[in-house]
Amino acid sequence: MNMATIENNLFDIGYMDTLASGTTDLHQLDPRAKLITTLIFVSMVVSLGKYEISMMIPFIIYPLAMILLGELPFNYLLKKIVLVAPFAILIGIFNPLMDREILVRIGSLGISGGWISFFSIMIRFGLTVSAALILISLTGFNTVCIALEKLGVPEPFVIQLLFLYRYLFVLIDETSRMVRARSLRSFGSGGMYFKIFVSLVGQLLLRTLDRAQRIHLAMCCRGFDGHIRINRPMKFGFNEIWFTLAWSLLFVLFRSYNIPLKIGELIARYF
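In this text the structure is predicted, and so the values were computed from the model without any measurement. By convention here, each chain's residues receive numbers from 1 onward along its written sequence. The predicted nature of this model means local features are confined to residues of pLDDT at least 70 and side-chain atom pairs, given and counted, to a pLDDT of 80 or more, with totals for whole chains, interfaces and linings taken over all residues. Calculation of side-chain values draws on the structure's entire complement of heavy atoms; hydrogens and water are dropped beforehand.

Visitor: Please provide a residue-by-residue account of the overall build of the protein chain, values included.
Guide: Of regular secondary structure, the protein chain possesses 14 helices and 2 strands. Relative accessibility under 20% of the residue-type maximum defines a buried residue, over 50% an exposed one, and the middle range a partly exposed one, all with a 1.4 Å probe and only protein chains included. Relative to its 271 residues, the protein chain shows a buried fraction of 36%. Here, residues are in contact when the closest pair of their heavy atoms is within 4.5 Å. In the protein chain, of all internal contacts separated by at least 6 residues, the share reaching a separation of at least 24 is 79%. When the accessible surface of the protein chain is totalled, it reaches about 16800 Å², and 68% of it is carbon and sulfur. Helix and strand definitions here come from DSSP, where helices need a minimum of 4 consecutive H or I residues and strands a minimum of 2 consecutive E residues; each element is numbered from the N-terminal end. With residues, only the protein chains shown are counted as cover, and all accessible areas are computed by Shrake-Rupley using a 1.4 Å probe.

The following block contains the structure:
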């Protein structure tokens, strides 16, 4: 993946802040309700055993419902999940080699525990990452940070998280300008040798420090006092309580009972 591709994909992430300005009922909910619901969803999915794939299936209802009711672009979110999927693949790709005990047989085909745990990791990854992307798309990253602060997360951590997200774009912009300048001066020829790479990293560090000082001075001149603010007031009312409680109870139900197994038993019993 070249620098231009990385730059385009990263800046495309900012489109989620544009999606957060929607007018659906989900967009209008207090961000704390959506944040708490997402955290409960993630904790329930992560707590499932490595072989409990069937119990993960009902959890798909939540991201699908949020995408439909929030009028979010499914293809855009899917591309973002696929973009980071290689990290999840690297985590679980060796499971089939370490766990070869056959747990499931489909006819003459035996499926080992390693493959089941690998698919479990991938499903868990897809559910949790999609929930996080949907949260940002419905709320906006700045508002999510405000919700974290309102829920008791220390303000210095929230400020650093906000700056990490916001100025990651600045860092990539500086990097792309340096790589583009080198490419123009070398007429696009020559590889990225270690000596050149180290030189570029050193120059990037110096330029980043200088850019950080200018940004800090600009923020101080504009009255930044270490606090982040939003124009829309937060109000945790009946709609927020109902949204959080209903989804949380549904997640607990999915976590406590193997719904697909129960449905299969009922079908086998009566049909």
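So much for the structure itself; the text now carries on.
Visitor: Quick one: what's the story with the packing of aromatic side chains, residue by residue and with numbers?
Guide: Here is the rule: rings of Phe, Tyr and Trp (six-membered ring for Trp) pair when centre to centre is within 6.5 Å. Planes less than 30 degrees apart are stacked, more than 60 are edge-to-face, and the remainder are tilted. Taken as a whole and judged by the stated rule, the model has 11 aromatic pairs. Note on Tyr-62 and Trp-247: the rings are 5.0 Å apart at their centroids and 80° apart in plane angle, and the pair reads as edge-to-face. Of this pair, Tyr-62 sits in helix α6 (residues 61–69) while Trp-247 is found in helix α13 (residues 238–256), placing the two residues 185 residues apart along the sequence. Tyr-62 gets classed as buried once you look at its relative accessible area, which sits at 3%. Residue Trp-247 is classed as buried on the basis of its relative accessible area, which comes to 14%.

Visitor: Let's hear about the pattern of salt bridges: which residues, and what values?
Guide: Basic side-chain nitrogens of Lys or Arg form a salt bridge, by our definition, when they fall within 4 Å of a carboxyl oxygen of Asp or Glu. Taken as a whole and judged by the stated rule, the model has 2 salt bridges. Where Arg-32 meets Asp-30, a salt bridge forms, and the shortest distance between an N and an O atom there is 3.0 Å. For the pair Arg-32 and Asp-30, one class covers both residues: buried. Between Asp-210 and Arg-214 there is a salt bridge, with the nearest N and O atoms lying 3.4 Å from each other. In this pair, Asp-210 and Arg-214 both sit in helix α12 (residues 194–221), 4 residues apart, roughly one turn of the helix. Judged by its relative accessible area of 48%, Arg-214 is partly exposed.

Visitor: If you had to explain the pairing of strand β2 (residues 109–112) to someone new, which residues and values would you point to?
Guide: Whether two strands pair comes down to DSSP finding at least two bridges between them. With 4 bridges connecting them, strand β1 (residues 102–106) and β2 associate as antiparallel partners. When the sheet's bridge partners are listed, Val-104 is paired in β2 with Ile-111. Connecting the antiparallel pair β1 and β2 is a turn made up of 2 residues, with Gly-107 showing a positive phi of about 65°.

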